[in-house]
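# Reading the structure
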Amino acid sequence: MVYLDYNASTPVDHRVLPTVAEVLSEYGNPASAQHRAGQSAGELIEVARIRVGSLLQRPVQDVVFTSGATEAAVLGLVGATLGACHRPNVVVSAVEHKAVLAAAELGAHLSGGEVRKVRVDSAGRIDLMHLDSLVDDSVSVVAIMAANNETGVLSPVEGAAATAQRVGALVFVDATQFVGKSELQPVANLADLMVFSSHKIYGPKGAGALIASRHIQKVLTPLSAGGGQERGLRGGTHNTPSIVGFGLAAELAMTEQKKDSDRIAVLANEFLVTLKERLPGIEMNGDGADRLTNTLNLRFIGADAEAVMASMPTIQVSAGSACQSAVSTPSHVLLAMGRSATEASESLRISLGRPTTRDEIRIAADAIVSAVVRVRELTAA
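What you see is a predicted model, and the numbers here were worked out from it, not measured in a lab.

## Looking at the sheet that holds strand β3 (residues 89-93)
- What the seven strands build is an open sheet, ordered β2-β8-β7-β6-β5-β3-β4; its pairing is mixed. Looking at which strands have only one partner, the edges of the open sheet turn out to be β2 (63-66) and β4 (115-118). For this sheet, the mean angle separating the axes of adjacent strands, direction not counted, is 20 degrees.
- Examined bridge by bridge, strand β7 (residues 193-197) and strand β8 (residues 208-212) share five bridges and lie antiparallel to one another. When the bridges of β8 are listed, valine 195 appears paired with leucine 210.

Shown next as structure tokens:
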């Protein structure tokens, strides 16, 4: 089996697993500060918080642990709109992750407002002039992802932030695909609210973070009542093993991002060149835009993506985001870019990761070429 779906999830790094396993054997509740077992668990949580904050070069108090980026997005977007009910509208790009779109819709609905969607061009680049026309003093949050999970296209966070700040709206950045793959500092500095997940950076599932300064945290309406954990923003017992693994994965991402990105960029380019040399009728979704080096979203003209995947069961890729693949509908991202439903259905997302090898790329290229040829032949018959 060759795994090339790292944008959906990454394996837990082999250097993280032993620590997670060790913490799993502990039984102290981090909220039980009256005894040593609880204190020890609490100390582990705070070490993880320091590591996540260091990755983003943000103060440790800015880190709010959640179960993942989806919960963090709900807390950030719904919490912010409820906390600013006199500004009930939310602006989002049309290509945001489904979780962010759903959170924006919920926040606007509960606040009596609306969601305004920003157009993108055929390469998936956000139309900053259209964004500017949608933002006024009725908008509480402008949400823009740092990098698209399906195409890898990078967003103009700086331009979007300038527009939001013009009217005093908060800047929400989904950095889930961006963290560990690109230089974080400019994005982290511009975001009032930022979210990402452990399992996208080789940490365990079940942990994520909302990044927000203390004065922003104070305006959020908490959505999970409980025992006051995470400064009252996220009640419930901490998932200590996953959070500890998240922290260690963040530390590794900080030291290995440049090396990983450079190596993966070479492999991705070799892979694309090989496919184009051996197979006609390939189009890159997002071609011409600045993109993550690990992500290739390719349209194989005349070959249905699901049929291609069924023809190569040992090659694990996707026809969109992990959430999108659960339902048989065209990618909203590709549709927003002007692709037809048929064109979107002929597109595969191939995403490389830290463990990807040159041998895996060769095996995957052979399999994809054979599968596409087979599907095209069957379609033409």
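## Side note on the packing of helix α9 (residues 240-278) against helix α13 (residues 358-380)
- One can describe the packing of α9 onto α13 by two numbers: an axis separation of 10 Å at closest approach and a directional angle of 25 degrees. Relative to α13, the element α9 lies roughly parallel. Considering the relative orientation of α9 and α13, their crossing is right-handed. Of the residues in α13, those in contact with Val266, Leu267, Glu270, Phe271, Thr274, Leu275 and Arg278 of α9 are Arg358, Ile361, Ala364, Ala365, Asp366, Ile368 and Val369.
- For the contact of α9 with α13, the class distribution of residues is nine nonpolar, one polar and four charged.

## A word on the packing of aromatic side chains
- According to the stated counting rule, one finds three aromatic pairs in the structure shown.
- Seen from their ring centres, tyrosine 3 and tyrosine 6 are 4.9 Å apart, and the 80 degrees between their planes marks the pair as edge-to-face.
- Residue tyrosine 3 is classed as partly exposed on the basis of its relative accessible area of 25%.
- Taking the centre distance of 6.1 Å and the plane angle of 65 degrees together, the rings of phenylalanine 65 and phenylalanine 246 count as edge-to-face.

Criteria and cut-off values
Residues numbered from 1 in each chain as written. Predicted model: local features only at pLDDT ≥ 70, side-chain atom pairs only at ≥ 80, totals over all residues. Heavy atoms only, no water. Pairing = 2+ DSSP bridges. Helix = DSSP H or I, 4+ residues; strand = E, 2+ residues; numbered from the N terminus. Axes fitted to C-alpha atoms, helices over the stretch in contact; angles between N-to-C directions. Parallel < 35°, antiparallel > 145°, perpendicular 65-115°, else oblique. Left-handed = near helix turned anticlockwise from the far one by under 90°. Contact = heavy atoms within 4.5 Å. Nonpolar A, V, L, I, M, F, W, Y, C, P; charged D, E, K, R; others polar. Phe/Tyr/Trp six-rings, centres within 6.5 Å; stacked < 30°, edge-to-face > 60°. Buried < 20%, exposed > 50% of the residue type's maximum accessible area, 1.4 Å probe, protein only.

Without other data, these values stay purely geometric and don't point to any function.
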